[in-house]
Amino acid sequence: VRASAIELAVALVLCGCGTSGALDRSGGGRTTSEASLVQVPLFGHRVDVHVDGVGAVRGELLAVDADSIFLALEQAQGVIAIPRSEATRVAISLEEDGTGALTGWSMAGLLTTPSHGIFAVFSGPLWMLVGGGTSAAEGFSVWTQVAPDGFDTLFQFARFPAGPPPSLLEALYGRAPVVVEEGAREVPTSPNDLPPVPPPPR
Amino acid sequence: VPNVYLKLHLYDGSLVVCERWEIRPEAREIACGGNTFDALRNPLGGEDGTRPYDEIALVELTRPTAATDPGYAVLGALSSVSAIATTVCLVTLGACFGN
């Protein structure tokens, strides 16, 4: 069954229909050029997960499962699992955000306008308009918003698109996940439901 | 296919990026030449061997692209015009700064 699943996955990706039609990784219509092996992305995309009463939690998207969105926090060390039911929306950076660089460039250009003498009355506002416009356009084109009904499509932007690996769950919950035997009558739904960790072998 | 790579996401979270590959359904394995990374994406070295289906959680085909932001082109053009204006003003001081 697994072999068939892998073959099916390859076939789906080859035909270009393996991901959501509404949200994909093709970016914002920019000019692109082909990249080499070392430029194959290894990490998840940068996201802001918006949570009611908390605000935006920013980090690298690690994984998504049926219950949680897993992030590597940007401001602090560590990983976090945000329940999907708590998230109101997710903003994804489809590409590297160049807003800061463009803003800095615009400010530098604005500072050179006194060298235009009396014509600085034209070049100064021009730098502000063009610089502000390009920075705003960058932010608009790079970030895309995903509503809760689209959370199932987030996996394609994650570092672990197949779901959280054991090492991630262990980092979060302090122990390896329990493998539920086929036919088990009850499935643990939270870390508190897990059986105690056995003592290490002597 | 040039510039197309196969990514093998393994169950333990590690990743194999294949520059060349061959899928062998009969042997239930994928032969791969490329690079391997652990779950933290630290490089583990080159990969030149086979991975059984049982190790693979997900197969991803990717064609990475490097985006060219049009904003940089716009600011580059404006910078060029601004530099020319600065040069003209420095050469003909009277035209820009009065006599």
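Quick note: structure is the one above.
Since we're looking at a predicted model, the values are computed, not measured.

Asks: Help me out: how do you make sense of the overall build of chain B in this one?
Replies: Within chain B, the regular secondary structure consists of two helices and six strands. When the helices and strands of chain B are placed in sequence order, the string is β-β-β-β-β-β-α-α. Taken over 99 residues, chain B has a buried fraction of 40%. In chain B, 43% of the contacts between residues at least 6 apart in sequence involve partners at least 24 apart. Carbon and sulfur atoms make up 59% of the accessible area of chain B, which totals about 5,100 Å².

Asks: Explanation requested: the sheet that holds strand β6 (residues 87–93) of chain A in the structure shown.
Replies: The strands that make up a sheet are held in pairs by hydrogen bonds between backbone atoms, and each pair lies either parallel or antiparallel. Residue and element names in this part refer to chain A. Taken in spatial order, the six strands line up as β5-β4-β3-β2-β6-β7 in an open sheet, and their pairing is antiparallel. Edge strands, defined here as strands with exactly one partner in the open sheet, are β5 (79–83) and β7 (143–146). Mean inter-strand twist for the sheet, computed between neighbouring axes without regard to direction, equals 40°. Relative to β5, strand β4 (residues 68–73) runs antiparallel, the two sharing five bridges. Bridge pairing in β5 links Leu-71 to Ile-80. Across the sheet, helix α3 (residues 120–142) lies against β6 and β7, angled at about 40° from β7, the strand it touches most.

Asks: How do you make sense of the nonpolar core when you look at a structure like this?
Replies: Within soluble globular proteins, side chains that are nonpolar tend to cluster in buried spots. Counting 18 residues, the largest nonpolar core has Val-49, Leu-61, Ile-69, Leu-71, Val-90, Ile-92 and Leu-154 of chain A as its most contacted members. Listing elements by their share of this core, those giving two or more residues are β2 (46–51), β3 (55–64), β4 and β6 of chain A. Sequence-distant contacts of Val-90 of chain A, defined by excluding residues within four places in its chain, comprise Val-47, Asp-48, Val-49, Ile-69, Thr-144, Gln-145, Val-146, Phe-151 and Leu-154 of chain A. Of all hydrophobic cores here, the second largest spans twelve residues; its members include Val-4, Leu-10, Val-16 and Cys-18 of chain B.

Asks: Even after reading the chapter, I still don't get the state of the cysteines, so can you show me in this structure?
Replies: Residue and element names in this part refer to chain B. One pass over the structure, following the stated rule, counts two disulfides over all chains. One disulfide bridge connects Cys-18 with Cys-32, the sulfur atoms lying 2.1 Å from each other. Here the S-S torsion is close to -110°, and the disulfide linking Cys-18 with Cys-32 is therefore left-handed. Of this pair, Cys-18 sits in strand β2 (residues 15–24) while Cys-32 is found in strand β3 (residues 29–37), placing the two residues 14 residues apart along the sequence. Here Cys-18 and Cys-32 have matching classes, each one buried.

Asks: For this particular structure, what's the right way to read the packing of aromatic side chains?
Replies: What characterises a pair of aromatic rings is the spacing of the ring centres plus the angle enclosed by the ring planes. A full pass over the atoms with the stated rule returns one aromatic pair over all chains. For the ring pair Trp-105 of chain A and Tyr-72 of chain B, a centre distance of 6.2 Å and an interplane angle of 35° mean the geometry is tilted. Taken together, the residues span two chains, with Trp-105 of chain A in helix α2 (residues 99–111) and Tyr-72 of chain B in helix α1 (residues 70–91).

Asks: For this particular structure, what's the right way to read the interface of chain B and chain A?
Replies: Accessible area lost upon the coming together of the parts is a frequently used measure of interface size. Across the boundary between the two partners, chain B contributes 50 residues, which contact 48 residues of chain A. The tally of links between chain B and chain A comes to zero salt bridges. Linking chain B with chain A are nine residue pairs in polar contact (both at pLDDT 80 or more), by the criterion used here. At the level of secondary structure, the elements contributing two or more residues to the side of chain B that touches chain A comprise β1 (5–10), β2, β3, β5 (56–62), β6 (65–68), α1 and α2 (93–97) of chain B. In terms of residues, the side of chain B that touches chain A owes the most to one element, α1 of chain B, which gives twelve residues.

Asks: Honestly, unusual backbone geometry in this entry has me stumped. Any pointers?
Replies: Among all residues save glycine, negative phi is the norm, and among peptide bonds the norm is trans. Of note in this structure, Arg-28 of chain B is not a glycine but carries a positive phi near 55°. Assignment of secondary structure puts Arg-28 of chain B in the loop between β2 and β3.

Asks: Explanation requested: the sheet that holds β1 of chain B in the structure shown.
Replies: Residue and element names in this part refer to chain B. Reading across the sheet, the five strands line up as β4-β3-β2-β1-β5 and stay open at both edges, with antiparallel pairing between neighbours. Either end of the sheet is taken by a strand with one partner, and the two such strands are β4 (43–52) and β5. The mean angle between the axes of side-by-side strands here comes to 30°, regardless of whether they run parallel or antiparallel. One ladder, built from six bridges, connects β1 with β5; its direction is antiparallel. Considered in β5, the bridge of Leu-10 is made with Ile-56.

Asks: For this particular structure, what's the right way to read α3 of chain A?
Replies: Residues spaced three or four apart along an α-helix face the same direction, because each turn holds 3.6 residues. With 23 residues, α3 of chain A should reach 33 Å at 1.5 Å per residue; the first-to-last C-alpha distance of 32 Å fits that figure. Where α3 of chain A is concerned, the buried positions are Ala-120, Ser-123, Gly-124, Trp-127, Gly-131, Thr-134, Ser-135, Glu-138 and Val-142 of chain A.

Asks: How do you make sense of the packing of α2 of chain A against α1 of chain B when you look at a structure like this?
Replies: A pair of packed helices can be characterised by two numbers: the angle between their axes and the separation between those axes. For the pair α2 of chain A and α1 of chain B, interaxial distance at closest approach is 11 Å and the crossing angle is 10°. With respect to α1 of chain B, the element α2 of chain A is oriented roughly parallel. Every residue of α1 of chain B that contacts α2 of chain A at Ala-101, Leu-102, Trp-105 and Ser-106 of chain A is listed here: Gly-71, Tyr-72, Leu-75, Gly-76 and Ser-79 of chain B. Here the residues of the contact of α2 of chain A with α1 of chain B are counted per class, giving five nonpolar, four polar and no charged.

Quick notes on the rules
Residues numbered from 1 in each chain as written. Chains lettered and ligands numbered in written order. Predicted model: local features only at pLDDT ≥ 70, side-chain atom pairs only at ≥ 80, totals over all residues. Heavy atoms only, no water. Helix = DSSP H or I, 4+ residues; strand = E, 2+ residues; numbered from the N terminus. Buried < 20%, exposed > 50% of the residue type's maximum accessible area, 1.4 Å probe, protein only. Contact = heavy atoms within 4.5 Å. Areas by Shrake-Rupley, 256 points an atom, 1.4 Å probe, with all protein chains shown as cover. Pairing = 2+ DSSP bridges. Axes fitted to C-alpha atoms, helices over the stretch in contact; angles between N-to-C directions. Core = buried A, V, L, I, M, F, W, Y, C linked by side-chain atoms within 4.5 Å. Disulfide = S-S within 2.5 Å. Phe/Tyr/Trp six-rings, centres within 6.5 Å; stacked < 30°, edge-to-face > 60°. Salt bridge = Lys/Arg side-chain N within 4 Å of Asp/Glu carboxyl O. Polar contact = N/O pair within 3.5 Å; in protein donor to acceptor, adjacent residues only side chain to side chain. Expected span 1.5 Å × (residues − 1). Parallel < 35°, antiparallel > 145°, perpendicular 65-115°, else oblique. Nonpolar A, V, L, I, M, F, W, Y, C, P; charged D, E, K, R; others polar.

Purely geometric stuff here, so don't read any function into it on its own.
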